[in-house]
Amino acid sequence: MSQAFVFPLRIAQVILSIIVMALMSYVIDSWTSPWGSWSPSSANFLLFTSIWTLLVLVYLIIAPLRFQQFSHKFAILAVEFVTMIFWFAGFIAFAVLITGCWSSYGVCRGSEAAVVFSAFEWVLFLITTAMAALHCWKTKDSGNTKHDPAIEVQQPTSIV
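Residues numbered from 1 in each chain as written. Predicted model: local features only at pLDDT ≥ 70, side-chain atom pairs only at ≥ 80, totals over all residues. Heavy atoms only, no water.

Novice: Got a minute to help me understand helix H3 (residues 73-97) in this structure?
Specialist: One turn of the α-helix equals 3.6 residues, which is why residues spaced by three or four share an orientation. A rise of 1.5 Å per residue sets the reference length of H3, with its 25 residues, at 36 Å; its end C-alpha atoms lie 36 Å apart and thus fit the reference within 8%. Among all positions of H3, only Lys73, Ile76, Leu77, Glu80, Thr83, Met84, Trp87, Gly90, Phe91 and Phe94 are buried. (Helix = DSSP H or I, 4+ residues; strand = E, 2+ residues; numbered from the N terminus. Expected span 1.5 Å × (residues − 1). Buried < 20%, exposed > 50% of the residue type's maximum accessible area, 1.4 Å probe, protein only.)

Novice: Would you mind going over the packing of aromatic side chains with me for this structure?
Specialist: Inspection of every chain in the model, using the stated rule, returns nine aromatic pairs. With a centroid separation of 6.0 Å and 35 degrees between ring planes, the pair formed by phenylalanine 45 and phenylalanine 48 is classed as tilted. Here the residue phenylalanine 45 and the residue phenylalanine 48 both occupy positions in helix H2 (residues 41-66), the gap between them amounting to three residues, near one helical turn. Seen in terms of ring centroids, phenylalanine 88 and tryptophan 122 are 5.2 Å apart; in terms of plane orientation they differ by 45 degrees. Their pairing is tilted. Separated by 34 residues along the polypeptide, phenylalanine 88 in helix H3 and tryptophan 122 in helix H4 (residues 107-138) bring together distant segments of the chain. On the basis of relative accessible area, phenylalanine 88 is assigned to the partly exposed category, the value being 38%. Among the aromatic residues, those joined into a cluster by ring pairs are Phe45, Phe48, Trp52 and Phe86. (Phe/Tyr/Trp six-rings, centres within 6.5 Å; stacked < 30°, edge-to-face > 60°.)

Quick look at the structure:
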């Protein structure tokens, strides 16, 4: 896999995470009433996962470029794997919660959209986790602990 393939994946991950964060903020806010505030834990978890993803993507993009001592191949694999599991658990749990949603307006449609975008985000993290796992597998006997340069986002070039 080349660097030209990873950069669009990371951009798509950022965009989908922001979309899910916005949708889940709307859905969670709809459970708020003047008499009290309650929202299901699966909705809160999906909101947490989108925020977590933005923090993880900052690490996955910046660490291999600027802080190579912090971009250990197993750390990158662990972060990718945990984030992939979070997205899987989040979109499945929230999909089960909204199974009985029958309204064609507002919160139900927003919830359905959040589940769909979350599933796409899970697929993207499945791909990048597989790429990191393949690198760890290929270099298991070499003693190399460096990240795979092929999954590094391209370093910006200056325009002169």
